[in-house]
Amino acid sequence: MSARDRATARRGFSHQGTPGAWERKLPIATMVNINELPENILLELFTHVPARQLLRNCRLVCSHWRDLIDVVTLWKRKSLQEGFITEDWDQPVEDWKIFYFLRSLQRNLLRNPCAEEDMKSWQIDSNEGDEWKVESLPGDHGTNFPDPRVKKYFVTSYGMCLKSQMIDLKAEGYWEELMDTFRPDIVVKDWFAPRADCGCIYHLRVQLASADYIVLASFEPPPVTMEQWSDTTWKEVSYTFSDYPPGVRHILFQHGGQDTQFWKGWYGPRVTNSSIIISHRPAKNPAPARPLPEDTAVIGGKHSASAPHALLDFF
Amino acid sequence: MPSIRLQGSDGEIFEVDVELAKQSVTIKAMLEDLVMDDEGDDDPIPLTNVNVAILKKVTQWCTHHKDDPPPPEDDENKEKQTDDITVWDQEFLKVGQRTLFELILAANYLDIEGLLNVTCKTVASMIKEKTEEIHKTFTVESDFTEEEEAQMRKEKLV
């Protein structure tokens with residue numbers, strides 16, 4: 001056996017080609033159809049096709065394509081491509097396709113959280129006293145914000161000031177099946193602080209609602225009263241909606257407050273850097289939760305339904 | 001300019017510059033094995049899975065790309081968009097579907113990353129169409145029943 005024969009045999013090239021590259025031993029000349037390409041090549045092709053196209057069109061071509069597109073490796077590779085994971089990722093992921101989509105969509109769903117665009121994107125539900133105002137950090141008798149990227153805040157007055165945003169999940173890219181089958185964790189955060197020289201009360205309410213605005217889950221802690229001359233450090237409130245019922249299509253976020261001493265001007269609580277971020281972690285139980293009782297409130301009302309585990313430090 | 005001889009699946013011999021041939025990780029490895037064996041015989045390297053016509057096209061691509069920088073290590077490098085195919089490559093790949101697939105298979109077998117990349121991106125851009133067009137372009141038939149297909153369309157995954 002010549003040296004070359006030995007070399008080719010060692011690499012298994014004599015008739016099989018690169019290990020793993022060939023499922024069949026057809027010489028290339030007779031191959032004409034895309035479905036005759038080895039699976040690893042088809043997978044390689046699919047990694048170059050945008051995710052939406054794969055799910056919307058390619059998956060419907062034939063069962064061979066559907067099975068390949070559903071293969072875990074493809075979505076793991078795409079996640080790697082986008083930088084959602086690193087090569088040494090070792091956290092368990094149940095469904096890589098869903099992980100990929102949830103990570104692609106992940107961002108703060110609240111607009112203008114830090115008052116950079118004045119009051120834009122916020123609906124004003126209550127504007128009493130001298131009404132809502134925007135000021136720059138740290139503000140009079142205030143403290144700087146822990147994150148230097150946040151430069152401004154909203155401040156309330158001596159009458160009730162409340163503002164809100166209603167998020168339309170479908171419009172934000174969270175389609176119905178995704179929300180209902182996987183019910184990814186919804187993480188809500190807000191930051192608030194009093195002025196040192198005046199007492200005030202801070203209010204927060206977050207509700208998950210159906211397409212018809214029926215409340216499916218709610219987080220409405222009791223209002224926080226801060227005395228005059230209390231600590232002005234910015235406080236963070238955080239809450240995660242987990243294992244909520246299927247059917248969530250809207251999220252209502254509302255906050256605000258007023259001062260307790262009826263002073264003209266803006267001495268009520270200050271708020272900024274609010275966020276609603278849908279995590280890439282789906283619900284632990286795939287089965288839908290039990291249906292709600294018949295007297296469940298419509299959104300906007302005070303009654304709250306189930307309120308799963310509270311993560312707040314403050315309340 | 002030292003050259004080596006490659007033998008295609010059709011038996012034909014094809015001579016190519018060694019440095020160009022080494023763009024193929026497969027051939028490079030084989031050459032290293034041969035140097036270690038130190039027998040110095042002149043038999044051509046058999047490439048039983050590639051015919052000479054395709055070998056010639058591959059050589060053409062390698063010649064044009066011989067001064068390309070080596071591809072960066074994976075981790076930091078994000079995949080570029082399909083629009084990143086150079087004009088030269090686009091022209092080079094204006095071939096029939098069969099030749100395109102043959103080039104993909106050759107690039108895979110010979111382990112030439114740049115060529116595999118650019119040929120896959122080219123085919124991928126043909127896949128970025130509606131389902132019916134994919135059926136036509138690639139002569140693939142659906143094996144779903146009407147109910148299955150209706151169900152899948154209803155799923156509305158995106």
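As the structure is a computational prediction, the values presented were derived from the model and not from experiment.

S.K.: So, the pattern of salt bridges: which residues are in play, and what are the values?
M.R.: Residues and elements named next belong to chain A. Counted under the stated rule, the structure contains 18 salt bridges over all chains. A salt bridge links E44 to R77, with the shortest nitrogen-to-oxygen separation between them at 2.8 Å. A residue pair is termed long-range when its members are at least 10 positions apart, and E44 in helix α2 (residues 39–47) and R77 in helix α5 (residues 72–82) qualify at 33 residues. For R77, a relative accessible area of 30% gives the class partly exposed. Note that K170 is salt-bridged to E176, the shortest N-O span being 3.3 Å. Note on K170: relative accessible area 45%, which makes it partly exposed. Its relative accessible area of 26% is what places E176 among the partly exposed residues. A single salt-bridge network, built from bridges that share partners, covers R59, D70 and K97.

S.K.: Now, about the sheet that holds strand β11 (residues 270–278) of chain A: what can you tell me, with residues and values included?
M.R.: Residue and element names in this part refer to chain A. What the five strands build is an open sheet, ordered β2-β3-β11-β5-β9; its pairing is antiparallel. Two strands in the sheet have a free side with no partner beyond their single neighbour: β2 (133–136) and β9 (235–241). The sheet shows a mean angle of 35° between the axes of neighbouring strands, direction not considered. Where strand β5 (residues 186–193) meets β9, seven bridges bridge the pair, whose relative direction is antiparallel. Of the residues in β9, the one forming a bridge with V188 is Y239.

S.K.: Explain the confidence of the model for chain B to me, and be specific about the residues and the numbers.
M.R.: All names here are of chain B. Per-chain confidence: chain B averages 83 in pLDDT, with 85% of residues scoring 70 or above. Low confidence marks residues 75–82, where pLDDT is under 50. Its contacts with residues over four positions away, or in another chain, come to 14 contacts. Quick note on the complex model: pTM equals 0.64, ipTM equals 0.82.

Reading the values: the criteria
- Counting starts from 1 at the beginning of each chain's written sequence and moves along it residue by residue.
- Each chain gets a letter, beginning with A, and each ligand a number, beginning with 1, in the order they are written.
- A pLDDT threshold of at least 70 governs which residues receive local features in this predicted model, and a stricter bar of 80 or more applies before side-chain atom pairs are shown or counted, although totals over entire chains, interfaces and linings include all residues.
- For the side-chain quantities, the full set of heavy atoms in the structure was used; hydrogens and water were omitted.
- Salt bridges are defined as contacts in which a side-chain nitrogen from Lys or Arg sits within 4 Å of a carboxyl oxygen from Asp or Glu.
- Helix and strand definitions here come from DSSP, where helices need a minimum of 4 consecutive H or I residues and strands a minimum of 2 consecutive E residues; each element is numbered from the N-terminal end.
- Under the scheme applied here, a residue whose accessible area is under 20% of the maximum for its type counts as buried, over 50% as exposed, and between as partly exposed, the area being computed with a 1.4 Å probe on protein chains only.
- Being paired, for any two strands, means DSSP has found at least two bridges between them.
- Only the stretch in contact is used when fitting a helix axis, every axis being a line fitted to C-alpha atoms; angles between N-to-C directions are given from 0 to 180 degrees.
- Per-residue confidence from the predictor is given as pLDDT, running between 0 and 100.
- In what follows, residue pairs with any heavy atoms lying within 4.5 Å of each other are defined as contacts.

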